[in-house]
Amino acid sequence: YNATLKGAAKQSLHLQAKAADLVHPERSVAQVHRAATQLKKGGVGKYSSSGFVHVDTGRVRYWGS
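This one's a predicted model, so the numbers in the text were calculated from it and none came from an experiment.

### Notes on the sheet that holds strand β3 (residues 52-56)
In a beta sheet, neighbouring strands are held together by backbone hydrogen bonds and run either parallel or antiparallel to one another. Spatially, four strands are ordered β1-β3-β2-β4 in an open sheet, and the strand pairing comes out mixed. In this open sheet, the two strands that pair with only one neighbour each are β1 (19-22) and β4 (61-64). Neighbouring strand axes in the sheet, compared pairwise and without regard to direction, differ in orientation by 15° on average. Packing of helix α1 (residues 29-38) onto the sheet brings it into contact with β1, β2 (43-47), β3 and β4, and relative to β2 it is tilted by some 170°.

See below:
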């Protein structure tokens, strides 16, 4: 599935079961993003327009809007 997504990374950690895209029905994307970045572990991407937060077990890094 990941390979069919426009703009998806060819070496995505999703393909290694080391990443997940999170949605919480009772929290905003900003709230989920803030909670994930406070862990200071792995990668955290905020995709506000798509309504989810990406988290992974890679090196610590943050991106998105």
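Resuming the write-up.
### Observations regarding the side chain of His 33
By the element assignment, His 33 lies in helix α1. A relative accessible area of 15% places His 33 in the buried class. Setting aside chain neighbours within four positions, we find His 33 in contact with Val 44, Gly 45, Lys 46, Val 53 and Trp 63.

Thresholds, definitions, all that
Residues numbered from 1 in each chain as written. Predicted model: local features only at pLDDT ≥ 70, side-chain atom pairs only at ≥ 80, totals over all residues. Heavy atoms only, no water. Pairing = 2+ DSSP bridges. Helix = DSSP H or I, 4+ residues; strand = E, 2+ residues; numbered from the N terminus. Axes fitted to C-alpha atoms, helices over the stretch in contact; angles between N-to-C directions. Contact = heavy atoms within 4.5 Å. Buried < 20%, exposed > 50% of the residue type's maximum accessible area, 1.4 Å probe, protein only.

Purely spatial values, then, with no claim about function.
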